[in-house]
Amino acid sequence: MKLIIINGPNLNLLGKREPEVYGTNTFEDFFTELQFKFQEVQLEYYQSNIEGELIGKIQEVGFTYDGIILNAAAYTHTSVGIGDAVKAIDCPVVEVHISNTFQREEFRHTSYISPGAKGVILGFGLQSYELAIQSFL
Ligand code: DQA
């Protein structure tokens, strides 16, 4: 099974960024743990701070991979383009968030990703990604 985790803007700063919300682990360290835990999965990771690059990656993998685990970060709440890309591809997308966005500001309660997603997992910290992988197995 071939899965990719796609992370949006500012998630490259995990570990440093608002640790009270997002924790103290870097995503790279966490990703190494995930690869070890799910050795039966061909797991890839891509991060970009740029909306068009995220759309490009979704289009690139979306017709051949078995699934995408997508944390579009702030673009979740603003990007019609990423939402459309999720709907345009063949493979299922599981939307994840580290924080429980519904406990936060009102603008984080809207997602342009959810209408095209197979499911949504949020609020479990980095474990949200792990639960998303399990959902594909
Ligand atoms: C986030 C939640 C978003 O509202 C925020 O803009 C992020 C991260 C999360 O994983 O909790 O950057 O997607």
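The structure this text deals with has already been given above.
Note that this is a predicted model, so its numbers are computed, not measured.

Caption draft 1: Region of interest: the layout of surface pockets. The volume enclosed by the largest pocket comes to roughly 170 Å³. Among the residues forming the lining of the largest pocket, the class breakdown is 6 nonpolar, 6 polar and 3 charged.

Caption draft 2: Just the site of the ligand, in detail. In the vicinity of the ligand, the contacting residues are Arg17, Tyr22, Asn71, Ala73, Ala74, His77, His97, Ile98, Ser99, Thr101, Arg104 and Arg108. The contact in question runs from an oxygen atom of the ligand to an N or O atom on the side chain of histidine 77, over 2.7 Å. Of the pockets mapped on this structure, the ligand occupies the largest pocket.

Caption draft 3: Up close: helix H2 (residues 27–37). Residues of H2 that are buried include every one of Phe27, Phe30, Phe31 and Leu34, and no others. For H2, the angular spread of buried residues about the axis comes to 100 degrees, placing them on one side.

Caption draft 4: Region of interest: the packing of aromatic side chains. Taken as a whole and judged by the stated rule, the model has 5 aromatic pairs. With 4.9 Å between their ring centres and 65 degrees between their planes, phenylalanine 27 and tyrosine 129 make a pair best called edge-to-face. Placement of the pair is phenylalanine 27 in helix H2 and tyrosine 129 in helix H5 (residues 127–136), with a sequence separation of 102 residues. Like phenylalanine 27, the residue tyrosine 129 is buried in the burial classification. Three or more aromatic residues joined by ring pairs form one cluster here, namely Phe27, Phe30, Phe31, Tyr45 and Tyr129. When the ring centre of tyrosine 46 is taken as origin, the NZ or CZ atom of lysine 57, which lies over that ring, is 4.9 Å away.

Rules used throughout
Residues numbered from 1 in each chain as written. Predicted model: local features only at pLDDT ≥ 70, side-chain atom pairs only at ≥ 80, totals over all residues. Heavy atoms only, no water. 1 Å grid on protein atoms, 1.4 Å probe; cavity = no way out; pocket = protein on both sides within 12 Å on 5 of 7 lines; lining within 4 Å. Points joined across faces, edges and corners; volume = space filled by probe spheres on them. Nonpolar A, V, L, I, M, F, W, Y, C, P; charged D, E, K, R; others polar. Near = heavy atom within 4 Å. Polar contact = N/O pair within 3.5 Å; in protein donor to acceptor, adjacent residues only side chain to side chain. Sits in = over half its atoms within 2 Å of the grid points. Buried < 20%, exposed > 50% of the residue type's maximum accessible area, 1.4 Å probe, protein only. Helix = DSSP H or I, 4+ residues; strand = E, 2+ residues; numbered from the N terminus. Arc of directions from axis to C-beta. Phe/Tyr/Trp six-rings, centres within 6.5 Å; stacked < 30°, edge-to-face > 60°. Lys NZ or Arg CZ within 6 Å of the ring centre and 35° of its normal.

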